[in-house]
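Working through the structure, step by step
Below, each chain spelled out in residue letters.
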Amino acid sequence: MTLTTPQLSTPRLRLRPFSEADAGRLYALHSNTRVMRYWDSAPWTDRSRADRFLATCKKIEEEGTGARVAIDRLSDGAFVGWCGLTRWDPGNRSASFGYCLEEAMWGHGYATEAAHAVLRWGFEALDLLNRVQAEVDTRNPASGRVLEKAGFLREGTLREDCIVNGEVSDSWVYGLLRRDWRPSAAPTPAAQGAPQAAGPSTP
């Protein structure tokens, strides 16, 4: 089953399917050591990783297992980062949520704004979707706050679940259930914390 990647908009953002032209932006994003500080994989050092990311975006769309969207700022078209729902499991009616933002875009509420738009799409497009899960490094509470503002509840801790370059870390597990989803509770644009990333590693 093919799942069409959406085009969405918020008061300040445009969320759209990726194109080949985004490869350079993706590499710059994922090779930034500060952006990737709390990710569950090391920063990219090979430009081909961006091509693999784009290929995976097409694959999950064709397989109907999710969608990732690029985020642009409406005011000037600047690349903000990306956000997505992946690992759609119709049997368990669940999916995984993740995002990654450019360092210059931290602290403006863009992550929460984009998250709300993607979650709204997910609960409407995947009419059986019941649960969305996300994971955040416990050293990155700003990302946890982004998820909480989007409606997620922190459910537990995965102890020592990631080892990146020999550094061991724990992750918080967050969950959002359909019955707890409040589409009318979209946040108003406001300055927030400085989230780096949330979600599983990318190919």
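Now for a quick tour of the structure. (Residues numbered from 1 in each chain as written. Predicted model: local features only at pLDDT ≥ 70, side-chain atom pairs only at ≥ 80, totals over all residues. Heavy atoms only, no water.)

Quick look at the overall build of the protein now. When helices and strands are tallied, the protein shows 4 helices and 9 strands. Taken from N to C terminus, the helices and strands of the protein fall in the order β-β-α-α-β-β-β-α-β-α-β-β-β. Considering the protein as a whole, with its 203 residues, one finds that 50% of them fall into the buried category. Partitioning the intrachain contacts of the protein with sequence separation of at least 6 by distance along the chain shows that 67% fall at a separation of at least 24. (Helix = DSSP H or I, 4+ residues; strand = E, 2+ residues; numbered from the N terminus. Buried < 20%, exposed > 50% of the residue type's maximum accessible area, 1.4 Å probe, protein only. Contact = heavy atoms within 4.5 Å.)

All right, on to the packing of helix 1 (residues 23-30) against helix 2 (residues 48-63) then. Following both chains from N to C, one finds helix 1 and helix 2 inclined at 115°, their axes separated by 8 Å at the closest point. Classed by the angle they form, the pair helix 1 and helix 2 counts as roughly perpendicular. Regarding helix 1 and helix 2, the two cross each other, and that crossing is right-handed. Within the contact between the two elements, helix 1 uses Ala-23, Leu-26, Tyr-27 and His-30 and helix 2 uses Ala-50, Asp-51, Phe-53 and Leu-54. When grouped by side-chain class, the residues that make up the contact of helix 1 with helix 2 number 6 nonpolar, 1 polar and 1 charged. (Axes fitted to C-alpha atoms, helices over the stretch in contact; angles between N-to-C directions. Parallel < 35°, antiparallel > 145°, perpendicular 65-115°, else oblique. Left-handed = near helix turned anticlockwise from the far one by under 90°. Nonpolar A, V, L, I, M, F, W, Y, C, P; charged D, E, K, R; others polar.)

Let us look at the pairing of strand 5 (residues 94-101). Summarising burial for strand 5: 8 of the 8 residues are buried, a large majority. The sheet contact formed by strand 4 (residues 79-89) and strand 5 spans 7 bridges and is antiparallel. Each residue of the ladder has a partner; that of Gly-81, found in strand 5, is Leu-101. Between strand 4 and the antiparallel strand that follows it, strand 5, lie 4 residues; Arg-93 among them carries a positive phi value of about 55°. (Pairing = 2+ DSSP bridges.)

Turning our attention to the pattern of salt bridges. In total, this model carries 12 salt bridges according to the counting rule given. Residue Asp-72 pairs with Arg-14 through a salt bridge whose shortest N-O separation is 2.9 Å. Linking Asp-72 in strand 3 (residues 67-73) with Arg-14 in strand 2 (residues 13-16), this pair joins segments that are 58 residues apart in sequence. Under the relative-accessibility criterion, Arg-14 is labelled partly exposed at 37%. In this structure, the salt-bridge partner of Arg-73 is Asp-76, at a minimum N-O distance of 2.8 Å. Salt bridges here are not isolated pairs; linked through shared partners, they connect Arg-14, Arg-16, Asp-22, Arg-25 and Asp-72. (Salt bridge = Lys/Arg side-chain N within 4 Å of Asp/Glu carboxyl O.)

Applying the stated rule across the entire model yields 7 aromatic pairs. With a centroid separation of 5.4 Å and 85° between ring planes, the pair formed by Phe-18 and Phe-53 is classed as edge-to-face. Here the residue Phe-18 occupies a position in the loop between strand 2 and helix 1, and Phe-53 occupies one in helix 2, the gap between them amounting to 35 residues. Judged by centre distance (5.5 Å) and plane angle (25°), the rings of Phe-123 and Trp-181 are stacked. One end of the pair, Phe-123, is in helix 3 (residues 110-125); the other, Trp-181, is in the loop between strand 8 (167-177) and strand 9 (197-198), and 58 residues separate them in sequence. Here a set of aromatic residues connected by ring pairs shows up, and it is made of Phe-18, Trp-39, Trp-44, Phe-53 and Trp-82. Taking NZ or CZ as reference, Arg-68 lies 5.4 Å from the ring centre of Trp-82, over its face. Lying across the ring of Trp-172, Arg-154 places its NZ or CZ 4.1 Å from the centre. (Phe/Tyr/Trp six-rings, centres within 6.5 Å; stacked < 30°, edge-to-face > 60°. Lys NZ or Arg CZ within 6 Å of the ring centre and 35° of its normal.)

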